[in-house]
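One letter stands for each residue in the lines below.
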Amino acid sequence: MVNYFHPIKKIHSVPPTIGTSDTDSSREQSATSESVLQLLLFVDKRPSSKEQTRHIRKSLTDLKAEWDFELQIIDVGEQPDLAEHFKLLATPSLLKIHPAPRQTLTGSNLSAQLEHWWPRWLLSVEEYTDQQQSPTSPADTGAEPKPIYSVACAVELVQLSDEVFRLKQETEHLQEQLQLKDRIIAMLAHDLRNPLTAASLALETLESHQKVKKGETSRLTPTLANHLMKQARRQIRIVDRMITDILQAARGTNAQLHMAPKKIELGKICQDVLLQFQDKFQAKSLNLETDIPPDLPLVYADPDRIKQVIANLLDNASKYTPEQGTVTISMLHRTAYKVQVSIGNSGPGIPEENCESIFEDSFRLQRDKSQDGYGIGLSLCQGIIRAHYGQIWVDSVPDKGSCFHFTLPVQK
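Cut-offs used in this document
As a convention, each chain's residues are numbered from 1 in the sequence order in which they are written. The model is predicted, so local features are restricted to residues of pLDDT at least 70 and side-chain atom pairs to those at 80 or more, both for listing and for counting; the totals for chains, interfaces and linings are taken over all residues. Hydrogens are left out, water is left out, and the side-chain values use all remaining heavy atoms of the structure. Salt-bridge detection follows one rule: a side-chain nitrogen of Lys or Arg within 4 Å of a carboxyl oxygen of Asp or Glu. The helix and strand labels rest on DSSP assignments: H or I over at least four residues marks a helix, E over at least two residues marks a strand, and numbering proceeds from the N terminus. Throughout, exposure labels follow a simple rule: accessible area from a 1.4 Å probe, protein chains only, divided by the maximum for the residue type, with under 20% read as buried, over 50% as exposed, and the rest as partly exposed. In these notes, a set of buried Ala, Val, Leu, Ile, Met, Phe, Trp, Tyr and Cys residues joined through side-chain atoms within 4.5 Å is what counts as a nonpolar core. By definition, residues are in contact when any of their heavy atoms lie within 4.5 Å. Whenever a nitrogen or oxygen atom comes within 3.5 Å of another N or O atom, the pair is scored as a polar contact, on the condition that within protein one atom can donate a hydrogen and the other can accept it, and that pairs from neighbouring residues in sequence are kept only if both atoms are in side chains.

### Comments concerning the pattern of salt bridges
- Tallying each qualifying case throughout the model produces nine salt bridges.
- Ionic pairing is found between Glu 51 and Arg 54, a salt bridge with its closest N-O pair at 2.4 Å. With a gap of three residues between them, Glu 51 and Arg 54 both fall in helix H1 (residues 47-62), about one helical turn apart.
- Since its relative accessible area comes to 35%, Glu 51 is described here as partly exposed.
- One salt bridge in this structure joins Glu 170 and Arg 166, with 2.5 Å as the shortest N-O distance. With Glu 170 and Arg 166 both in helix H5 (residues 151-191), this residue pair falls four residues apart, about one helical turn.
- Judged by its relative accessible area of 39%, Glu 170 falls in the partly exposed class.
- Sharing partners across several salt bridges, the network here consists of Lys 45, Asp 75 and Glu 78.

### What about the nonpolar core?
- Residues Leu 266, Ile 306, Ile 310, Leu 314, Phe 404, Phe 406 and Leu 408 are the most contacted members of the largest nonpolar core, which totals 40 residues.
- Those elements that provide at least two residues to this core are helix H8 (266-276), strand S8 (299-301), helix H10 (303-320), strand S9 (326-332), strand S10 (338-345), helix H11 (378-387), strand S11 (392-397) and strand S12 (401-409).
- A per-element tally of this core places H10 first, with seven residues.
- Non-local contacts of Ile 306, meaning those with residues more than four positions away in its chain, are made with Leu 266, Ile 269, Ala 301, Ile 385, His 388 and Leu 408.
- Counting residues in hydrophobic clusters, the runner-up holds 20 residues, among them Ile 56, Leu 71, Trp 121 and Val 125.

### With respect to the environment of Asp 44
- With respect to the element layout, Asp 44 can be found in the loop between strand S2 (37-43) and H1.
- The residues contacting Asp 44, other than those within four sequence positions of it, are Ser 49, Asp 75, Val 76 and Thr 91.
- Within the structure, the side chain of Asp 44 is placed 2.9 Å from the side chain of Arg 46, a separation counted as a polar contact.
- A distance of 2.7 Å separates the side chain of Asp 44 from the side chain of Thr 91, its partner in a polar contact.

### Concerning unusual backbone geometry
- Here Thr 91 and Pro 92 are connected by a cis peptide whose omega angle stands at 0°.
- Looking at the element boundaries, Pro 92 is found in the loop between helix H2 (80-85) and strand S4 (93-98).
- Of note, the bond from His 98 into Pro 99 is cis; its omega dihedral lies within 30 degrees of zero at 0°.
- Mapping Pro 99 onto the fold places it in the loop between S4 and strand S5 (103-106).
- Phi is positive for Ser 285, close to 55°, though the residue is something other than glycine.

Written out as structure tokens, the structure is:
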């Protein structure tokens, strides 16, 4: 950006405006005053722009001005933010930014347009100067004079605008992170119910058989007691893992779930989870249909996390399947690299337009606004499956049920 001056009359003594210099001799003339008439010429790298610049300078030299003016030349390629600030649509463009009102000249005949508007621009300078010298001017009333709007003001405004935009983005990001933490904590708290219930039932069974009346024989065999103890310990470990996740969500910025993958038998994992839902299924007389091949390959996954996913999907299935309805669970060695798990129900189904949205954070179907349902844990399920490089989706027919599918990588 070049400051080009036609020194006729100096109005204010201020530091020079922000600019860069080129090889033109005008760079040797420093701006020791801020001129009333402020002009900006926006150009680009085309040779025609250089020719335009020469014509404008010659025109300004030929026009015998009564007032000092300042011409600053700006390359839109180097300072596109200024071009955007002044809402330019084409180059070259000549702007009068002070005195008001602002005016833009553009096109191939800038010199002719400049000659036409020059008298009016000088008139606006005279009017501005008369106002400053009037008895009610800021200088005479002791008030601070209003600074002349220049490209330096524009640069500062652009910088402030960028800073406001950056701060706004940071604020929105922080708000999103806080909302994400709240959702993760809410979902994990929801999932704590299943293992806590299972552990509680196991401990209550053990306790009830410890209080056998005198003369009665306990029906709790050592084998069953050992199984119940293992069940309680296993569920407590799951709860401990979830609490760790909650604390991680509260501390971290991304609330990422930690995985501890290893070789696991998916069929056995599924059977362990099904045991937790026996009472729920029996309470509604649900029919459970399973298709779990015994020759499934091992998968590489975090067993506790996969139990969370299966438990969430079975919990949703038990809620939405009507009494004496059917819940299905099947597994399929789909490709050489993936095993697919499918959990279906004969519930009301999901509207087609919502089949993708239900996996979004905090999404709720309209019918479920007053109760727990799809969307409470599905976002967490999706996060877990994606962390295993798998996929999760749903097929659903309204009034005929839904089937959730997810894939996991085969252990090689």
